[in-house]
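A structural walkthrough
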Amino acid sequence: EQLRSGLEAGLAASRLYPASLTVQGTPRRLVARVEGLAPRQPNMEQVSRGPAASIAYDESGQPTRAALGFARGKGIDVSDLRQQDFDGKAYVVSVTLDQGRGAAAVLAELLPRVCAGMRFGKSMRWNESGVSFSRPIRWMVALLGDRVVPFEYAGVQSGRTTRGIRPGGSQLIALDSVAAYEPALAGEDILLDVSDREASITHAATALAASAGGSL
């Protein structure tokens, strides 16, 4: 739930609104899958309110020190100031355009923050990074389509390589794209969905009990 809420809030604050967000996992891995993510942030106008227009301009309409200081503080020419009404009173405002960035660059900054925001009842530290987590982090897969989203957290660099099950030697599995992830796990008999895993365990336990003449 922390992974879900952290991603939802982070994507919304970053002006990246996915069509869907699914969070699943096993005792050894946490997985978030986002679909329909915009390729880049939309541009956004930022309006900053300055002094009242009656203070910003003198009787002849020339900018005063108040207007000049406000424009200088916003890094724009005083001639670029506009006027806008707030609660029936005119103020000078600066309007700047915040250019949207590509989704990969935004995610590279967001994902480590989401990881760092997770809290556990019992945590541990295991390396010189000083990061506290429920267990040592051994690998991180971060893919946007077929591209790696590069970032580092807890001394681990994100990439496109996951691992198989521990009894099988935790073999390395390279992923060409997001689409390869689920088939790769299925090939290792890893069930990400908690309800699917519960059903599988219940079915196997029921069959085992019946083979011994018992019931579950």
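Everything discussed here concerns the structure shown above.
Residues numbered from 1 in each chain as written. Predicted model: local features only at pLDDT ≥ 70, side-chain atom pairs only at ≥ 80, totals over all residues. Heavy atoms only, no water.

**A few points about the pattern of salt bridges**
The line we're drawing: Salt bridge, as used here: a side-chain nitrogen of Lys or Arg that lies within 4 Å of a carboxyl oxygen of Asp or Glu. Exposure classes here rest on a 1.4 Å probe applied to the protein chains alone. A residue is buried below 20% of its type maximum, exposed above 50%, and partly exposed in between.
Counted under the stated rule, the structure contains four salt bridges. Two residues, Glu-1 and Arg-4, come together in a salt bridge whose shortest N-O distance is 3.9 Å. Look at Glu-1 and you get exposed, because its relative accessible area is 71%.

**Regarding the packing of aromatic side chains**
Selection criterion: Under the pairing criterion, centres of Phe, Tyr and Trp rings, with the six-membered ring standing for Trp, must be within 6.5 Å; the plane angle then separates stacked pairs below 30 degrees from edge-to-face pairs above 60, leaving the rest tilted. Counting from the N terminus, the helices are the DSSP runs of H or I reaching at least four residues and the strands are the DSSP runs of E reaching at least two. Here, a charge over a ring is recorded when the distance from Lys NZ or Arg CZ to the ring centre is within 6 Å and its angle to the ring normal is within 35 degrees.
Scanning the entire structure with this criterion turns up two aromatic pairs. Here Phe-86 and Tyr-91 contribute two aromatic rings whose centre-to-centre distance is 5.9 Å and whose plane-to-plane angle is 75°, an arrangement assigned as edge-to-face. The buried category is assigned to Tyr-91, whose relative accessible area is 18%. Ring plane angle 65° and centroid distance 4.7 Å describe the contact between Phe-120 and Phe-133, whose orientation is recorded as edge-to-face. Here Phe-133 lies in the loop between helix 4 (103-116) and strand 6 (143-144) and Phe-120 lies in the loop between helix 4 and strand 6, a separation of 13 residues in the sequence. On the accessibility criterion, Phe-120 (27% relative accessible area) is partly exposed. Note that Arg-49 overlies the ring of Phe-86, its terminal NZ or CZ placed 4.7 Å from the centroid. We note Arg-49 situated over the ring of Tyr-91; from NZ or CZ to the ring centre the distance is 4.7 Å.

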